[in-house]
Amino acid sequence: MEGRLLGVRLRFDFSFFLLVVLFLLGDQSGSALFVLGAAAIHEGGHLLMMGLAKAPVEAIWFTPFGLRITRGEGPPLSYGAEAAVTLGGSAANLAGALLWSILPLPGALTFSAFQLVLGLLNLLPAENLDGGKLLGDTASRFLGEREAGWLCRIVTLSLLTGLWAGGLALLRLARNPSLCLLCGYLTLSLLREG
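Parameters at a glance
- Residues numbered from 1 in each chain as written.
- Predicted model: local features only at pLDDT ≥ 70, side-chain atom pairs only at ≥ 80, totals over all residues.
- Heavy atoms only, no water.
- Salt bridge = Lys/Arg side-chain N within 4 Å of Asp/Glu carboxyl O.
- Helix = DSSP H or I, 4+ residues; strand = E, 2+ residues; numbered from the N terminus.
- Buried < 20%, exposed > 50% of the residue type's maximum accessible area, 1.4 Å probe, protein only.
- pLDDT = per-residue confidence, 0-100.
- Pairing = 2+ DSSP bridges.
- Axes fitted to C-alpha atoms, helices over the stretch in contact; angles between N-to-C directions.
- Contact = heavy atoms within 4.5 Å.
- Core = buried A, V, L, I, M, F, W, Y, C linked by side-chain atoms within 4.5 Å.
- Patch = residues over 30% accessible without salt bridge, like charges linked within 9 Å, V, L, I, M, F, W, Y side chains within 5 Å.
- Areas by Shrake-Rupley, 256 points an atom, 1.4 Å probe, with all protein chains shown as cover.

Peer 1: Quick question: what am I supposed to make of the pattern of salt bridges here?
Peer 2: Charged atoms that come close allow side chains of opposite charge to pair. Under the defined criterion, the tally for this structure stands at five salt bridges. For lysine 133, the salt bridge identified is with glutamate 82, shortest N-O distance 3.3 Å. Taken together, the residues span a long stretch of sequence, with lysine 133 in helix 5 (residues 130-143) and glutamate 82 in helix 3 (residues 79-102) at a distance of 51 residues. On the accessibility criterion, lysine 133 (38% relative accessible area) is partly exposed. Among the ionic contacts, a cluster of salt bridges with common partners joins Arg71, Glu82, Lys133 and Asp137.

Peer 1: Sorry if this is basic, but what is going on with the confidence of the model for the chain here?
Peer 2: Low pLDDT means the predicted atomic positions in that stretch should not be read closely. Confidence in the prediction for the chain averages 88 pLDDT; 99% of positions are at 70 or higher. Taken element by element, the chain is modelled with least confidence in helix 1 (residues 14-26), mean pLDDT 80, and with most confidence in helix 3, mean pLDDT 95.

Peer 1: Which parts of the structure should I look at to understand the sheet that holds strand 2 (residues 8-12)?
Peer 2: Note: strands within a sheet are paired through backbone hydrogen bonds, in either parallel or antiparallel orientation. Within the open sheet, the four strands sit side by side as 1-2-3-4. Their pairing is mixed. In the strand order of this sheet, the two ends are held by strand 1 (2-5) and strand 4 (66-71), each with one partner. Recorded for the sheet is a direction-independent mean angle of 20° between the axes of neighbouring strands. Alignment of strand 1 against strand 2, held across four bridges, turns out to be antiparallel. Across the sheet, the residue bridging to glycine 3 is leucine 10, located in strand 2. Each of strand 3 (57-63) and strand 4 is contacted by helix 2 (residues 32-52), which is oriented at about 10° to strand 4, the strand it contacts most.

Peer 1: Looking at this model, I keep getting lost on the nonpolar core. Mind explaining?
Peer 2: One recurring pattern in soluble globular proteins is that nonpolar side chains are buried together. Grouped together as the largest cluster of nonpolar side chains are eight residues: Ala126, Leu129, Leu160, Leu163, Leu182, Cys183, Leu186 and Leu190. Elements with a contribution of two residues or more to this core: helix 6 (145-174) and helix 7 (178-193). Ranked by the residues each element gives to this core, the list is headed by helix 7, at four residues.

Peer 1: Please clarify how a nonpolar patch on the surface should be interpreted in this entry.
Peer 2: Residues Leu87, Leu94, Leu116, Leu120 and Leu123 make up a contiguous nonpolar surface patch of roughly 370 Å² in combined accessible area. Among the elements of the structure, helix 3 and helix 4 (108-121) are those that each provide at least two residues to the nonpolar patch. Within the secondary structure layout, leucine 94 lies in helix 3. We classify leucine 94 as partly exposed; its relative accessible area is 32%.

Here is the structure:
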């Protein structure tokens, strides 16, 4: 399904809607709206920074692995502006976490915690996360594209190995699958890109 909003092409995968519906239906803790809200703020942070950097947005594609924002034609961004766009999502979540932590509203602390977790999680240096993109951009400046790609892949695989070990231990000891679900997501997105 496709459409346009303010000149930006929007594309929605059916699997995006399916995942959101399954997530909402399967949510027994009542936290699905907090997660979706934190994700919306995260992506809004990227879009805000793109606007401030005067980087035109051509299209936004809603996939089960997150949003893919395609830039329109324009001059390339400086390294600093590119880093600001990359870190804009986490910055929005961390600022949101601070703001919501002081608001005297029901559920505000819970929403603050979800934003904090999402903001910090995206700073991990794994491919398909903001921290991984920043690592790749920085490594490309010093090592070149090919070597930066290898470095990012090695860091991602090392990080995933440690996260899988922790996730399986958490699942076994506390019957908490959350870290395994995160690892599964990161592994699937890595395989999809690879």
